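Take a look at the letters that make up each chain.
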Amino acid sequence: MSKVIHCPEELFDIDLSGKIIVITGGYGGIGLTTASQLINQKATVIIAGRDSVKGSTVAEKVGGIFMHVDTSDMDSVRVFCSEFISQYKRLDVLMCNAAIMAPGEPDKTAASKRTKEGWEIQMATNYLGHALMVHLLTDLLKSTENSRVVSVSSVCADSMPKGGQPNQADFDFSDPHWKERKYVPFDAYGQTKLALILHSRELAKRFEGSGVSAVSLHPGWGSASDLDRHFNFFLRKIVVPLFGRFMGTISLKDAAQVPLYCILSPDIESGKFYSQIGIYGNEDMQDGGLPMDFVSPNATIEKQTKLWDWTMKELNLA
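Since the model is a prediction, treat every value here as computed from it, not as a measurement. Counting restarts for each chain, with residues numbered from 1 along the sequence as it is written. Given that this is a predicted model, residues contribute local features only at a pLDDT of at least 70 and side-chain atom pairs are listed and counted only at 80 or more, while totals for whole chains, interfaces and linings are drawn from all residues. The basis for every side-chain value is the complete set of non-hydrogen atoms in the structure, without hydrogens or water.

Student: Can you tell me about the pattern of salt bridges, naming the residues and giving the values?
Tutor: Where charged atoms of side chains with opposite charge meet at close range, the side chains can pair. Just to be clear on terms, a salt bridge is a Lys or Arg side-chain nitrogen sitting within 4 Å of an Asp or Glu carboxyl oxygen. One pass over the structure, following the stated rule, counts 9 salt bridges. In this structure, the salt-bridge partner of aspartate 73 is lysine 116, at a minimum N-O distance of 3.2 Å. Separated by 43 residues along the polypeptide, aspartate 73 in the loop between strand E3 (65-68) and helix H3 (74-87) and lysine 116 in the loop between strand E4 (93-96) and helix H4 (121-142) bring together distant segments of the chain. A relative accessible area of 60% means that lysine 116 is categorised as exposed. Within this structure, Asp73, Asp75, Arg78 and Lys116 form a network of salt bridges that share partners. Helix and strand definitions here come from DSSP, where helices need a minimum of 4 consecutive H or I residues and strands a minimum of 2 consecutive E residues; each element is numbered from the N-terminal end. In this scheme, a residue with accessible area under 20% of its type's maximum is buried, one over 50% is exposed, and one in between is partly exposed, where area comes from a 1.4 Å probe on protein chains only.

Student: Go over the confidence of the model for the chain, please, and point to the residues and values.
Tutor: What pLDDT conveys is the predictor's confidence in a given residue, as a value from 0 to 100. The predicted model of the chain has a mean per-residue pLDDT of 92, with 91% of residues at 70 or higher. Any pair of residues with heavy atoms lying within 4.5 Å of one another is described as a contacting pair. In this model residues 230-243 is a low-confidence stretch, pLDDT under 50, and it forms 22 contacts with partners more than four residues away in sequence or in other chains.

Student: How would you explain helix H9 (residues 301-314) if you had to name every residue and give the values?
Tutor: Expected span of a helix, by definition, is 1.5 Å for each gap between consecutive residues, and there is one gap fewer than residues. With 14 residues, H9 should cover 20 Å at 1.5 Å per step; its first-to-last C-alpha distance of 20 Å lies within 8% of that length. When H9 is considered as a whole, its buried residues turn out to be Lys303, Gln304, Leu307, Trp308, Trp310, Thr311 and Met312. Check the buried side of H9 and you find it contacts H4 and helix H5 (185-207).

Student: Now, about the packing of H4 against H5: what can you tell me, with residues and values included?
Tutor: At their nearest, the axes of H4 and H5 sit 8 Å apart, and the two run at 15 degrees to each other. With respect to H5, the axis of H4 lies roughly parallel. With respect to the hand of their crossing, H4 and H5 are arranged in right-handed fashion. Contacts between H4 and H5 pair Gln122, Met123, Asn126, Tyr127, Ala131, Val134, Thr138 and Lys142 from the former with Pro185, Ala188, Tyr189, Gln191, Thr192, Lys193, Ala195, Leu196, His199, Leu203 and Phe207 from the latter. Each residue receives one of three labels: charged for Asp, Glu, Lys and Arg, nonpolar for Ala, Val, Leu, Ile, Met, Phe, Trp, Tyr, Cys and Pro, and polar for the others, Gly being one of them. Within the contact of H4 with H5, the residues separate by chemical class into 11 nonpolar, 6 polar and 2 charged. All axes are obtained by fitting lines to C-alpha atoms, using only the stretch in contact for helices, and the reported angles, taken between N-to-C directions, cover 0 to 180 degrees. For classification purposes, an angle smaller than 35 degrees is called roughly parallel, one larger than 145 roughly antiparallel, one from 65 to 115 roughly perpendicular, and anything else oblique. Crossing handedness follows the turn of the near helix against the far one: under a right angle anticlockwise gives a left-handed crossing, and clockwise gives a right-handed one.

Student: How would you sum up the pairing of strand E6 (residues 213-218)? Please name residues and give values.
Tutor: Every regular strand shows the same layout, with side chains that alternate between the two sheet faces. Most of E6 is tucked away: 6 of the 6 residues are buried. Taking every second residue as pointing to the same face, both faces of E6 are buried, with Ser213, Val215 and Leu217 on one and Ala214, Ser216 and His218 on the other. The pairing of strand E5 (residues 148-152) with E6 spans 5 bridges and is parallel. Looking at the pairing, arginine 148 lines up with serine 213 of E6. When the strands point away from the viewer, a crossover counts as right-handed if the route from the first strand across the helix to the second turns clockwise. Of the crossover connections in this fold, the one passing from E5 over H5 to the parallel E6 is right-handed. Direction of pairing for E6 relative to strand E9 (residues 273-275): parallel, over a ladder of 3 bridges. Of the residues in E9, the one forming a bridge with leucine 217 is tyrosine 274. Paired strands, in this sense, are two strands between which DSSP finds at least two bridges.

Student: A description of the sheet that holds strand E10 (residues 289-292) should follow, citing residues and the corresponding values.
Tutor: Overall, mixed pairing links the 8 strands, which are arranged E3-E2-E1-E4-E5-E6-E9-E10 in an open sheet. Across the chains shown, the open sheet's two edge strands, defined by having one partner strand only, are E3 and E10. Along the sheet, successive strands turn relative to each other by an average axial angle of 25 degrees, direction set aside. In the sheet, E4 pairs with E5 via 4 bridges, with the strands oriented parallel.

Okay, here's the thing in structure tokens:
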């Protein structure tokens, strides 16, 4: 297995007093580990998520501020952004981290219930909610010097044969919400994570000259993350704990290294992809990199532009 990439220690000495950072899904897993480090560096961290009880408890414990948002619900995203803009006059970092992974076929479980728009839940939660949030907070980002949007993607934006995703991730514009084709949970997840990379690249292009940077990343598979909460008992409690190391799992501390680098480093390049080690189907990418060339036959300029247009139309922003 490749050597885990670490954020340079000197970046953890930066005083973040006065900085305002939003982390969606920040009350657990990689989001919480990242938030805790930033709070230790004196940043004001807004931990945004849909579980108000858990979120408030965790935020109080680590010294963050909880704000409610459900990224699968566009009305909730709009309310969050409105409340945030009314309370804060700057936004240094927006970390688009909240996600759901492989909850099951649409409408077959409580977790896989389609949104009121009829959208597949992973598409709504992982991608569309964040795309709307970025759009609504753009003016605030532009008015904050050297701000950045950090989108948490995944090795699944490529493929992950060793982890149950043998198919190359792609964005199917003819059926993005899986209403006609046979539903494949990890393919649906990979579609959303590829979308985050393409969206980040397009944001970088559109933010050019504004002082706002946009990057995407693969954090690694944190072994104590609750992202796998929808896996069956055998896979989650037996297979992953016993064989996870051979499947590329790393500690949450290690999985927060690349997100922290993307938030803290003065050297990030807008539009680039940053990656922890990972079990990519493309073996040339398994060592990761800061940044790393994300190579996929489906990560094209044409799809990037088409995704932007589709997103604006889907969110009624066109």
